[in-house]
Amino acid sequence: MLNIFLITLAVLALLSIIFEEVTHLNKAKTTLFLGCVAWITLFVAAKDPQHQQLINGELNENLLEIATLWLFLMSTMTFVAYLNAKGMIQVIVQKLFPAKVSVRMLMIQVALFALFLSAICDNVTATLVSLGLLTTFRLESTVKRRMAVLIIFAVNSGGVSLITGDVTTLMIFLEGHVHISQLLMLFIPAAASVMLLATLFSLKSEGHVSTTPINRQYQTIDVVIALIFLCTIILTMVFNILFGIPPVLTFLLGLSVMFLVGTLSRTSKEELQILEYIRQVEFDTLLFFLGILLLVGMLKEIGTLHLLTEVYTQFNPNISNFVTGIGSAILDNVPLTAALLKADPILTTPEWLGLTYSVGVGGSLLVIGSAAGIIAMSKVKELTFVSYLRYVPALTLCYCVGYGLTLLLAYSIFG
């Protein structure tokens, strides 16, 4: 009965997200409420102090994961909020993109930009910067929503081909199941599926769009902070690969350097204005992440994820990998991948590559299935759970094409 009640809470959280436009209840608050109720229920239902202690240990582990993500998001979003407010992102767009471009060409350019950026840096940063590009163009609501969906899919796709781009890719790599040279092969199916989606979306897109003229004057300090952001991204990759330093630590270092530079180059009053950019961070996004991860942690605690790993081993690995990718659109792909790695299935190299692609890209099938989707839903008002559903057929087709190409290339190259 307890497990049924807890799973019901998770389903209610999903329904609160789906029907947010009907109930007018903020999804961040409802998921946080239900996540807290779920863990409180676990403590109340504990049979003895020893069991309570075990649950407390699991909660602390869950909160540590959440705190790490929160700090990482806060650091990244503060940089992006500052650069966006100073017009630096608009400057970059005007350097990379023409002042006037067709909507079809813009879709392809934005898809490629998000794809390459997500391969070399984390999904959160890639999503925020890519979404920042959209604000520099005068886009209709439908086109803007379609662009946001394209960015989500491109960011999740680009991240699978390098260990710097996606946590699940890094997890599978650290277990020794794939090598970097093998992972690079995944960029081909990832790029092909993203270009297919960009083409499908561009078929209904007509006309041209122009960039928003920049009226702000930026100073030398703004360029310096943009360079600090770029160096932070590069150092995050280097430190993580060479020394195993968690990305959050490097980004907090970069943020502290940003504040120190601001202190040295400005008066105390101007320094306070720099600190104000932290308040521009969308805390609804952070609260939504908190609620979602509490619920996923609860499902892990009651053994739901372990049950999924048992089902995984009952079928052909290629089929199981495909379905696991779809499952990652509902359950967080990190604990799902961790549970599968703990089960230690015996897979060939092509099958491990198939799993890497599926858990990385499958989360794109629902807007709540990935960090990129949750951020986009919080940042783009036109994008909701229900409006995202209309793109599921196209996303599923591209996911199937990408997965099929992954297996085709993997078996032809690695046997």
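Residues numbered from 1 in each chain as written. Predicted model: local features only at pLDDT ≥ 70, side-chain atom pairs only at ≥ 80, totals over all residues. Heavy atoms only, no water.

Caption draft 1: Summary view of the pattern of salt bridges. Enumeration over the complete set of coordinates arrives at one salt bridge. The partner of K300 in a salt bridge is E61, with the nearest N and O atoms 4.0 Å apart. With K300 in helix α15 (residues 283-301) and E61 in helix α4 (residues 49-85), the pair connects residues that are 239 residues apart, well separated along the chain. K300 gets classed as partly exposed once you look at its relative accessible area, which sits at 37%. (Salt bridge = Lys/Arg side-chain N within 4 Å of Asp/Glu carboxyl O. Helix = DSSP H or I, 4+ residues; strand = E, 2+ residues; numbered from the N terminus. Buried < 20%, exposed > 50% of the residue type's maximum accessible area, 1.4 Å probe, protein only.)

Caption draft 2: Spatial organisation of the nonpolar core. Counting 105 residues, the largest nonpolar core has L106 and L383 as the members making the most contacts within it. Considering every element that reaches this core, the biggest residue donor is helix α8 (residues 141-158), with 10 residues. Excluding its chain neighbours within four sequence positions, the residues that come into contact with L106 are F97, V101, F137, L139, M147 and V209. Listed in part, the 23 residues of the second largest apolar core include A13, L42, L293 and L299. (Core = buried A, V, L, I, M, F, W, Y, C linked by side-chain atoms within 4.5 Å. Contact = heavy atoms within 4.5 Å.)

Caption draft 3: Here's a closer look at the layout of surface pockets. Considered as a void within the structure, the second largest pocket measures approximately 420 Å³ in volume. What lines the second largest pocket is a set of 17 residues, and nearest its centre among them are I92, A226, F229, L230 and I233. Contributions of two or more residues to the lining of the second largest pocket are made by α5 (88-96), α6 (103-120), α7 (123-134) and α12 (220-243). The biggest single contributor to the lining of the second largest pocket is α12, with eight residues. Partitioned by chemical class, the residues of the lining of the second largest pocket number 17 nonpolar, no polar and no charged. (1 Å grid on protein atoms, 1.4 Å probe; cavity = no way out; pocket = protein on both sides within 12 Å on 5 of 7 lines; lining within 4 Å. Points joined across faces, edges and corners; volume = space filled by probe spheres on them. Nonpolar A, V, L, I, M, F, W, Y, C, P; charged D, E, K, R; others polar.)

Caption draft 4: Just the state of the cysteines, in detail. Counted by the stated rule, this structure contains zero disulfides. Of the cysteine sulfurs around C400, a residue in no disulfide, the closest is that of C398, at 9.2 Å. (Disulfide = S-S within 2.5 Å.)

Caption draft 5: A look at the environment of E206. Following the sequence through the fold, E206 ends up in the loop between α11 (187-202) and β2 (208-210). A C-alpha to C-alpha distance of 7.3 Å links E206 and S102, two positions 104 residues apart in sequence. Contact partners of E206, with chain neighbours within four places excluded, come to V103 and R104.

Caption draft 6: The packing of aromatic side chains, seen in detail. Considering all chains together, one arrives at 10 aromatic pairs under this definition. One aromatic cluster is present, formed by F322, Y357, Y399 and Y403 through successive ring pairs. (Phe/Tyr/Trp six-rings, centres within 6.5 Å; stacked < 30°, edge-to-face > 60°.)

Caption draft 7: Looking closely at the environment of G291. Secondary-structure assignment places G291 in helix α15. Looking at G291, the relative accessible area reads 0%, which means it is buried. Residues in contact with G291, not counting those within four places in the same chain, are T31, L32 and G35.

Caption draft 8: Seen up close, the packing of α6 against α11. Remark: α6 packs on α11, axes separated minimally by 9 Å, with the N-to-C direction vectors making an angle of 155°. In terms of orientation, α6 lies roughly antiparallel with respect to α11. Pair α6 / α11 crosses with right-handed handedness. Contact with α6, carried on its side by R104, M107, I108, A111, L112, L115 and F116, involves F187, A190, A191, V194, M195, A198, F201 and S202 of α11 and no other residues of that element. Residue classes in the contact of α6 with α11 are distributed as 13 nonpolar, one polar and one charged. (Axes fitted to C-alpha atoms, helices over the stretch in contact; angles between N-to-C directions. Parallel < 35°, antiparallel > 145°, perpendicular 65-115°, else oblique. Left-handed = near helix turned anticlockwise from the far one by under 90°.)

Purely geometric numbers; function is a separate question.
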